[in-house]
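Descriptive structure summary
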Amino acid sequence: MSDSKIKTIAVLTSGGDAPGMNAAIRSVVRTGIARGLKVWGIQRGYAGLLEGAFREMDASSVGNILQHGGTILQTSRCPEFHQAETRREAVNLLKRKKIDGLIVIGGDGSFNGAHQMWLEHQFPVVGIPGTIDNDISGTEYTIGFDTAVQTAIEAVDKIRDTASSHARTFIVEVMGRRSPAIALHTGVCTGAENIVLPSENVDPSQIASDIQRGVKRGKNSSIIIVAEGEKPGLVSYQIQESLKKDHQIDAHVCVLGHIQRGGHPSAIDRFLAARMGYEAVERMIAGEYPVVSVYVNGHVGVAPLSECLKKRVESAPGHLELARTLSI
Ligand code: ADP
Ligand code: F6P
């Protein structure tokens, strides 16, 4: 047992599930136990925390999970956590359970909740980025992104078979309410003719001219990747309508939806989850909080939690240009 004041920790998953969350839970639990800590799992994110849904974890409670998608702790969205009074209740519950620190696996929303617990009550928190959106500042990578992109790529490859067999245009919608990452990577990796990013002014004439340019040089199929934006389906069907009405182009829409959130995590997601979980516990024990496990320049380390809450600046703005250049 170390002389750290952290003797007991809890871990929860929050927000959208992401492949690799289980591998991260396993890493947190086993690293904690290996370091002599008592480890609690909290069911259903912040909602379960408020309900007191704690379960004590041991090495075997995380056996045989790292290859599975989803999260054995389950997850939730908990609107009440936006209220300071609710967070006070949560911290009191943790203290009553003699829990000294909380590890939160989730996206920027979940990190905001954790940050408030630190600011308002100095409760030790450490974050692990788990979201398919890859939209957290301070890290080049979030757990689940690689698997989600791979799922989307496999789906688009299949759609391309039909598109080229029937000489059709497909609009394929991928996830990303505010994040362009899945759309950009899927577009580059599938040779999409056009990529529509969230909150971008959609220009159906540009999309039509990209399709027509391809047809002129002998392409018989086109794939347009659309990031879902605020309302799944909305932008994709608007583009379909406009291509038909204004450009006489028939396009089929395929909304990939939640298949991108599930499935066995890729090697990258498993490896990073293992590293990030380990790092999170080591830093918690060392008294370095509030921080987030991050991946930067090929290394896993930590960054201050406050840095990870800033708006993420897209690290590779050239991706769109890359996709356009390669799909001429
Ligand atoms: P993600 O963590 O994947 O970004 P959400 O944005 O849905 O997912 O956030 C997950 C949960 O985190 C929310 O349901 C809420 O309980 C909590 N949360 C989000 N934003 C805040 C905030 N600003 N203050 C406190 N809690 C928050
Ligand atoms: O944050 C992950 C994500 O999958 C986004 O890409 C998507 O917009 C959103 O969650 C959908 O969330 P849900 O369907 O769970 O409400």
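Quick look at the structure, then. The numbering scheme is per chain: residues are counted from 1 as the chain's sequence reads. For naming, the first written chain is A and the first written ligand is 1, with later ones following in the order written. Thresholds applied to this predicted model are a pLDDT of at least 70 for local features of residues and 80 or more for the giving and counting of side-chain atom pairs; totals over whole chains, interfaces and linings are not thresholded and use all residues. Each side-chain value is derived from all of the structure's non-hydrogen atoms; neither hydrogens nor water enter the calculation.

1. Notes on the packing of aromatic side chains
- Classification of ring pairs rests on two measures: the distance between centres of Phe, Tyr or Trp rings, Trp counted by its six-membered ring, which must be within 6.5 Å, and the angle between planes, read as stacked under 30 degrees, edge-to-face over 60 and tilted in between. Enumeration over the complete set of coordinates arrives at 5 aromatic pairs.
- With centroids separated by 3.9 Å and ring planes inclined at 5°, the aromatic side chains of Tyr46 and Phe81 adopt a geometry described as stacked. Of the two residues, Tyr46 sits in helix H2 (residues 45-51) while Phe81 sits in the loop between strand S3 (54-57) and helix H3 (84-96), which places them 35 residues apart along the sequence.
- On the basis of an interplanar angle of 70° and a centroid distance of 5.9 Å, the ring pair of Trp118 and Tyr289 is categorised as edge-to-face. Highlighted residues: Trp118 in helix H4 (residues 108-121) and Tyr289 in the loop between helix H9 (267-285) and strand S10 (291-296), separated in sequence by 171 residues.
- Clustering of aromatic rings is evident, with ring pairs tying together Tyr141, Phe145 and Tyr295.
- Directly above the ring of Trp40 sits Lys97, whose terminal nitrogen or CZ lies 4.4 Å from the centroid. Secondary structure follows DSSP: runs of H or I at least 4 residues long count as helices, runs of E at least 2 residues long count as strands, and numbering of each begins at the N terminus. Two conditions define a charge sitting above a ring: the NZ of Lys or the CZ of Arg must be within 6 Å of the ring centre, and it must be within 35 degrees of the ring normal.

2. Considering the site of ligand 1
- The nearness test applies per residue and asks whether one of its heavy atoms lies within 4 Å of the molecule or strand. As a structural note, the neighbourhood of ligand 1 is formed by 15 residues, with Arg77, Cys78, Gly107, Gly109 and Ser110 the closest of them.
- Each polar contact in these results corresponds to two N or O atoms within 3.5 Å; when the atoms are within protein, one needs to be able to donate a hydrogen and the other to accept it, and residues that are neighboring in sequence are counted only if both atoms are side-chain atoms. Here Arg77 contributes a side-chain N or O atom positioned 2.6 Å from an oxygen atom of ligand 1.
- Measuring from an oxygen atom of ligand 1, one finds a side-chain N or O atom of Asp108 at 3.1 Å.
- The accessible surface values rely on the Shrake-Rupley method and a 1.4 Å probe; as for residues, cover is taken only from the protein chains in view. Burial of ligand 1 by the surrounding chains reaches 80%, relative to a free accessible area of 550 Å².
- If you map ligand 1 onto the pockets, it falls in the largest pocket.
- Considering every element that reaches the shell around ligand 1, the biggest residue donor is H4, with 5 residues.
- Within the shell around ligand 1, the residues separate by chemical class into 3 nonpolar, 9 polar and 3 charged. Only protein atoms enter the calculation, which uses a 1 Å grid: trapped sets of points that fit a 1.4 Å probe without letting it out are cavities, open sets showing protein on both sides within 12 Å along at least five of seven lines are pockets, and any residue with an atom within 4 Å of a point is a lining residue. Each molecule is assigned to a cavity or pocket provided more than half of its atoms lie within 2 Å of the corresponding grid points. We call Asp, Glu, Lys and Arg charged. Ala, Val, Leu, Ile, Met, Phe, Trp, Tyr, Cys and Pro are nonpolar, and the rest, Gly among them, are polar.

3. Some remarks on the side chain of Glu173
- Residue position: Glu173 is located in strand S6 (residues 169-174).
- Residue exposure (1.4 Å probe, protein chains only): buried if accessible area is under 20% of the type maximum, exposed if over 50%, otherwise partly exposed. In this tally, Asp and Glu contribute negative charge and Lys and Arg positive charge; neither His nor the terminal groups of the chain are included. Salt bridge, as used here: a side-chain nitrogen of Lys or Arg that lies within 4 Å of a carboxyl oxygen of Asp or Glu. Among buried charged residues, Glu173 stands out as having no salt bridge; its nearest opposite-charge side chain is Arg177, 9.8 Å away.
- Looking at Glu173, its side chain comes within polar contact range of the side chain of Ser236, at 2.6 Å.
- Contacts: residue pairs with any heavy atoms within 4.5 Å of one another. The residues touching Glu173, leaving out its near neighbours within four places in the chain, are Val226, Glu228, Pro232, Gly233, Ser236, Cys254, Val255, Leu256, Gly257 and Gln260.

4. Considering the layout of surface pockets
- Grid points are joined across faces, edges and corners, and a volume is the space filled by probe spheres set on the points. Taken as a whole, the largest pocket holds about 1,300 Å³ of empty space.
- Lining the largest pocket are 46 residues, and of these Asp108, Gly109, Asp133, Asp135 and Arg178 lie nearest its centre.
- Broken down by element, the lining of the largest pocket gets its largest block of residues, 6 residues, from H4.
- Domain boundaries shown here were taken from an automatic or database domain assignment. Counting the residues that make up the lining of the largest pocket, at least three belong to each of domain 1 (8-144 + 265-308) and domain 2 (148-261).

5. A closer look at helix H1 (residues 21-34)
- Here H1 is 14 residues long and its end C-alpha atoms lie 20 Å apart, about the 20 Å a rise of 1.5 Å per residue gives.
- Summarising burial for H1: 10 of the 14 residues are buried, a large majority.
- Buried within H1 we find Met21, Asn22, Ala23, Ala24, Ile25, Ser27, Val28, Val29, Thr31 and Gly32.
- Buried residues belonging to H1 abut strand S1 (8-13), strand S2 (38-42), S3, strand S4 (101-106), strand S5 (125-129) and H9.
- Following H1 by one or two positions, Gly36 has its phi on the positive side, about 85°. Take the residue count of a helix, subtract one, and multiply by 1.5 Å to get its expected span.

6. Let's talk about the side chain of Arg87
- Tracing the sequence through the fold places Arg87 in helix H3.
- Accessibility expressed as a relative area gives 6% for Arg87, which makes it buried.
- Looking at Arg87, its side chain comes within polar contact range of the side chain of Glu120, at 2.5 Å.
- Residues within four places of Arg87 in sequence aside, it is in contact with Phe81, His82, Gly113, Gln116, Glu120 and His121.

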